[in-house]
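Next come the chains, spelled out residue by residue.
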Protein chains: 2
Amino acid sequence: MSLESFFSPKSVSVVGASRHKGKVGHEILASLLAGGYPGEVFPVNPKVEEVLGLKCYPDLVSIGKPPELVVIVVPAEFVEAVIRECGKVGSKSVVIITAGFKETGERGRALEEAVVKAARANGIKIIGPNCLGVMSPGDKLNASFGGDLPRVGGIAYLSQSGALMTAILDMAAARDIGFSLLLSIGNKADVDELEIIKALGQRPGTKVIAGYLESIQDGDAFVRQAEIISQNKPILLMKSGGTGAGARAASSHTGSLAGSETAYEVIFDRAGIIRCDSIKTQFDYAQAFADQPIPKGPNVAVLTNAGGPGIMTADAIERSGLTFAALTDETKSALSKVLPPAANIHNPVDVLGDALADRYEAAMNIVLDDPNVHSVVVLLTPQAMTQCSETARIVVKVAGAKPGKTVLACFMGGRKVEEAIHILRRGAIPQYDSPESAVATLKAMQQYTRWLARPERVVRLFPVNRRKVEQIIGRHLRRGEREIGEMASKEILEAYGFVTPKGSLATTAEQAAAIADQLGYPVVLKIWSPDIIHKSDVGGVKVGINSAKQVMDAFDLMMYRIPKKMPNAEIMGVLVQEMCSAGKEVILGMHRDPRFGPLLMFGMGGITVEVLKDVAFYLAPITASEAKEMLIRTKTYSLLKGVRGDPGVDIDAVAEGLQRLSQLVTEFPEIKEMDINPFIVGPQGSTPIAVDARISVEKTD
Amino acid sequence: MSLESFFSPKSVSVVGASRHKGKVGHEILASLLAGGYPGEVFPVNPKVEEVLGLKCYPDLVSIGKPPELVVIVVPAEFVEAVIRECGKVGSKSVVIITAGFKETGERGRALEEAVVKAARANGIKIIGPNCLGVMSPGDKLNASFGGDLPRVGGIAYLSQSGALMTAILDMAAARDIGFSLLLSIGNKADVDELEIIKALGQRPGTKVIAGYLESIQDGDAFVRQAEIISQNKPILLMKSGGTGAGARAASSHTGSLAGSETAYEVIFDRAGIIRCDSIKTQFDYAQAFADQPIPKGPNVAVLTNAGGPGIMTADAIERSGLTFAALTDETKSALSKVLPPAANIHNPVDVLGDALADRYEAAMNIVLDDPNVHSVVVLLTPQAMTQCSETARIVVKVAGAKPGKTVLACFMGGRKVEEAIHILRRGAIPQYDSPESAVATLKAMQQYTRWLARPERVVRLFPVNRRKVEQIIGRHLRRGEREIGEMASKEILEAYGFVTPKGSLATTAEQAAAIADQLGYPVVLKIWSPDIIHKSDVGGVKVGINSAKQVMDAFDLMMYRIPKKMPNAEIMGVLVQEMCSAGKEVILGMHRDPRFGPLLMFGMGGITVEVLKDVAFYLAPITASEAKEMLIRTKTYSLLKGVRGDPGVDIDAVAEGLQRLSQLVTEFPEIKEMDINPFIVGPQGSTPIAVDARISVEKTD
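Residues numbered from 1 in each chain as written. Chains lettered and ligands numbered in written order. Predicted model: local features only at pLDDT ≥ 70, side-chain atom pairs only at ≥ 80, totals over all residues.

### Things to note about the overall build of chain A
Here is step 1 of the chain: When you go through chain A residue by residue, the secondary structure sums to 24 helices and 30 strands.
Here is step 2 of the chain: Counting only C-alpha atoms, chain A reaches 100 × 80 × 40 Å along its principal axes.
Here is step 3 of the chain: With 701 residues in all, chain A has 54% of them scored as buried.
Here is step 4 of the chain: Taking contacts inside chain A between residues at least 6 apart in sequence as the whole, the part at least 24 apart equals 72%. (Helix = DSSP H or I, 4+ residues; strand = E, 2+ residues; numbered from the N terminus. Buried ≥ 20, exposed ≤ 12 C-beta atoms within 10 Å, placed from the backbone. Contact = placed C-beta atoms within 7 Å.)

Take a look at the structure:
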């Protein structure tokens, strides 16, 4: 069911309409009328005959036809009855403004559940409760008590905080920001952020989807939907409340490194969602995405009437990783013809302090024509001769005449540039309070461009022995065992195409020596017991053994000492294993986030993971290029690639390991956490060895 | 000589006064009069008898007494003559507005030099040329053409960009920002930023010194002066133009890691200067420093009428490293008495959407009384019942009645909060456009507090053999040798109390073996030749030699092979050295910045330096606690302290090494760059060994 009835209804009823100014039931009706809503409006209130010049109905039934949208403002305990009435008359879209539900405690929660149940039974969709309502400026619909209807524009905003929406509306009015929709989603009892972004993704008037969210209900579905929508419309989210979920009980590296914010970072990344740190930043970005084309590349030119701000902007461009455009000789020669000799014809182009609007016009035309320029930041300081407003008009005109390149403005100052700033904003030129904010916006646009250009997602499926893993996991779950031991973990890895160290279990010293002789030296000895998880802690691991005699000594010492330390451990013997030492140790891991699913982790081993926490996460299933991207994102990537004569390791082999892990954890949701640590990788063409693994499983629902 | 005559002159002459509106010589005079300047004003222009109702003099002499301040606006080529006239009449303080000097090229530079020469000969101080002038709102002095005189306030601003000053003035007017002084310093031909901050440091009305600088002339003196002033007044600087000095030819690690921005970061840190990334941030901070007390600790409380913005602020506090204040039980109980039951009495304190000003008042009083609270951020969203302006008045009143705690406001919105924001600002409550900006400001204040609380700087002086180093460096410089070889470097290190590996030079294989026997095994052999810098590249280093026989073999192989590779190298023999392997390898280094002097560097060895560039810089001479702070600032510090059972190294011994290096490079400005690499440090109580060093020297002026 579409949400269009919420946005462009042909008729609206306000249930709980009031004649008393200040009452929500009055304000909403007044807002509807003040906004010039062209459809039919039906106030409902049994105690009143007329409100604000409109006939007031005792109930929905007596209207005689179903209002397309019903806005409910009656007290919480009466809402359920109104919903049933909606069902009776056939109204399917309801906004519940009323508070006093889930947010107030147990009783409210029960009321809310009853309301939702009644709605679902009648095929009714609800926005709210406990919200400010809905505004659709293009439809002249203001079914809210958030304030006046804003200008029509390309931004659709959904807010989980009603109060924030009042502030945004007020700010938007002062800054000429236009909206296609504004939605306060309150308790999200029925319609949630997922359904809304889906609807906004299809709305023609919406160019940018922005929102403030404190929680995301169905993370997995949300990210899949967002990824589809981002392809056409940028999504800018401010997500708050990521703090202090408290220490997580985690048995794996991956689990302990995946903080509460990690999952959001990973899924926002994957879905192309642009994360905003503040409402201010969000609107800085949103205006540019709504009003300007996305830059075709990273090269920024700066046009200024003052040296200082030009340098600041250049600094910001350099720091942000964008490129300071090198102007062509043609551009420089053309500029030298229209600018005074003292002007700077290199980027930043300085038209000088005495520049009038015409000089800006000439320079801007030339700079926009330069094929090396993808975007332009126009700076202005209000000096003695500066024509602020006239220059603003010029900027609007020139940018309009040469579409295709991104133009942002930063007119610095206060009162002297106030009118100019209005002209810019109304002319679809985003204006920023500092050069740094303008550059940060270009950076966000550039990141979105890069996301759009990402390679197609083709997840490779390896031939694996799935049945084998089913058996192992099934056996563990039936026995109630959550940790899979080393031997079984190795079997799982091998079933998914990982190569593990060769070796066998020995029960006598002589047998151990014979196995070692066959493997070749050096070898590793590991105590073998389902009851010993941390082998090294009990002296159960001995590496670098070089002869049969040493093998026998080590075997006997383990068998003698360990039972003393752990008298209750059932000891099956000692594993004799080939030693993998040629190569670098990395960690591949997975932590299953309860909302978003399997987060894969990659990290270099040793201090880079433990001390520097230099790891990268990504959501499974991943593609080959995403797997490589994970490696590249670690700060120590150059160590993998090879530094100072070191040949480096087979990057593709590591990426393949991540993809195999991705397939394993995608096919087995029972796996909650796992580390392959160390995963030893050698030079180009060698086969990595998964030396050890830790796997935790859990029954799925 | 003080600069007071520039700020509070009893009389001002404008040389080049003009009757034509729009001309700078007219505008400056008009600004002086419009500002209500109470002193005497003498326009000078031989062609005019009267300007703006004032008698105009043909020259300075005919005024009959020396004007305390002379503002010159005549064309560049006439300025020198006016300066001489100033000398004749006895005027000592001159602002040169006129442009067309150094900034225009060679001819202008010559003119500027002549002007400065004339001024110095007559004991005259100059601000400018090529500047906007001087404003001192408290003295009603507007000797500028930057715009109207702003409000009186605690911020003194100096700008190297005149145009930026016009923007700042315009912005300040719109935002009620008050200034004690505004100075456009132009080409800084005479009076520079150093002299100005010195003067501002002593001005009673100035509470904060803020500035925009593109260059700092005498870095060393500036940082020493700034450190003294920061003790009483915060200095907030925006420094631009740090970009692209291009690749630096550096022979040392330290040199290649010390980027062009490093020196500024280091000296700003040392001097307590608060570095600002943008003009916006700078004024965000400046208003708080000017109008509010510095927080006594990191605990922040939040007061809000909306949940969403409260959570955002909490997130920002957590991310910034400040502390989200835990309110006392008394506070919570008092809040529960004055707030409705649905209100949140924990931090963030939510007074709810229907709060009137009185509820804010009651809650704010209680929260400010809480001993666990050091600062309060008051948030407001303009909801239906919100009394924006009245609440602003309350915030001003309550904060004023309870001084000592920092109160910042973030009233979100636009027109509805516009008046409220004016009330806040005029009431000395800084207002921010987002909660994140308010929190960033508290963070900057907190960092300043920590700087103020730093331990007293006592630089330890070690007894050293300075004479020895003088001889070595002198010998190299006389011979024109810039690189000091390994043997001489070792002598320098030993003279400054470093312990270097034991060893001697051998000229025969037998002698080498005898030395090795005496040292004990393992030993290292290194080819010894003034002509071979990169020994390993020619097979001139052999480590881990375990017997006399191996020593002799290695000796003979080097002596046979190396002359073939480098036939022209003079080979003195082979150094036989003890091998230091117990301990961790770190690097101590120094790079002498041309403006600020010796930057010391500390880094862990190996990949942490080469790949992660995990190093810390500090300006020499350093104290013991600064040396330790350098270690702590590296991300890999925990490796030094010891992780996971590793006992770690003797931190104090590393710090002492840095202090000895500090003393060496402070006493020998001839040392341009040096690395001690590796510096091997063992556990607590052990003596670190300076294994190898590279020292470059240069003649000093």
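### Details of the packing of helix α22 (residues 624–633) of chain A against helix α24 (residues 651–667) of chain A
Residues and elements named next belong to chain A.
Here is step 1 of the chain: One way to put it is that α22 packs onto α24 with a least axis distance of 9 Å and a crossing angle of 115°. On the basis of their axis angle, the class for α22 and α24 is roughly perpendicular. Taken as a pair, α22 and α24 cross one another with a handedness that is right-handed. Between α22 and α24, the contacting residues are A624, A627, K628, M630 and L631 on the first element and I651, V654, A655, L658 and Q659 on the second.
Here is step 2 of the chain: For the contact of α22 with α24, the per-class residue count stands at eight nonpolar, one polar and one charged. (Axes fitted to C-alpha atoms, helices over the stretch in contact; angles between N-to-C directions. Parallel < 35°, antiparallel > 145°, perpendicular 65-115°, else oblique. Left-handed = near helix turned anticlockwise from the far one by under 90°. Nonpolar A, V, L, I, M, F, W, Y, C, P; charged D, E, K, R; others polar.)

### Focus on helix α11 (residues 307–320) of chain A
Here is step 1 of the chain: Its 14 residues place the ends of α11 of chain A 20 Å apart at the C-alpha level, agreeing with the 20 Å of an ideal helix rising 1.5 Å per residue.
Here is step 2 of the chain: The buried count for α11 of chain A comes to eleven of 14 residues, which makes it a mostly enclosed element. (Expected span 1.5 Å × (residues − 1).)

### Observations regarding the environment of A81 of chain B
Here is step 1 of the chain: Position of A81 of chain B among the secondary structure elements: in helix α3 (residues 76–89).
Here is step 2 of the chain: For the pair A81 of chain B and P67 of chain B, spaced 14 residues apart in the sequence, the C-alpha separation amounts to 16 Å.

### Details of the domain arrangement of chain A
Here is step 1 of the chain: Assigned domains within chain A: domain 1 (4–287), domain 2 (293–452), domain 3 (466–578) and domain 4 (584–697).
Here is step 2 of the chain: One C-alpha centre belongs to domain 1 of chain A, the other to domain 3 of chain A; they are set 58 Å apart. (Domains from an automatic or database assignment.)

### Things to note about the interface of chain B and chain A
Here is step 1 of the chain: In this assembly, 59 residues from chain B lie in contact with 58 residues from chain A.
Here is step 2 of the chain: For the side of chain B that touches chain A, the secondary structure elements donating two or more residues are α5 (162–175), α10 (279–291), α11 (307–320), α21 (607–610) and α23 (637–641) of chain B.
Here is step 3 of the chain: At nine residues, the largest contribution of residues to the side of chain B that touches chain A is made by α5 of chain B.
Here is step 4 of the chain: Here the residues of the side of chain B that touches chain A sort into 24 nonpolar, 21 polar and 14 charged.

### Focus: the sheet that holds strand β22 (residues 523–528) of chain A
All names here are of chain A.
Here is step 1 of the chain: The strand order across the open sheet formed by four strands is β21-β24-β22-β23, and the pairing between neighbours is antiparallel. Each of the sheet's edge strands pairs with one partner strand only, and the pair in question is β21 (503–506) and β23 (541–545). Put simply, the sheet's adjacent strands are angled 20° from each other on average, direction ignored.
Here is step 2 of the chain: Both β21 and strand β24 (residues 573–578) contribute to a ladder of four bridges, which runs antiparallel. In the strand pairing of β24, L505 is matched with L575. (Pairing = 2+ DSSP bridges.)

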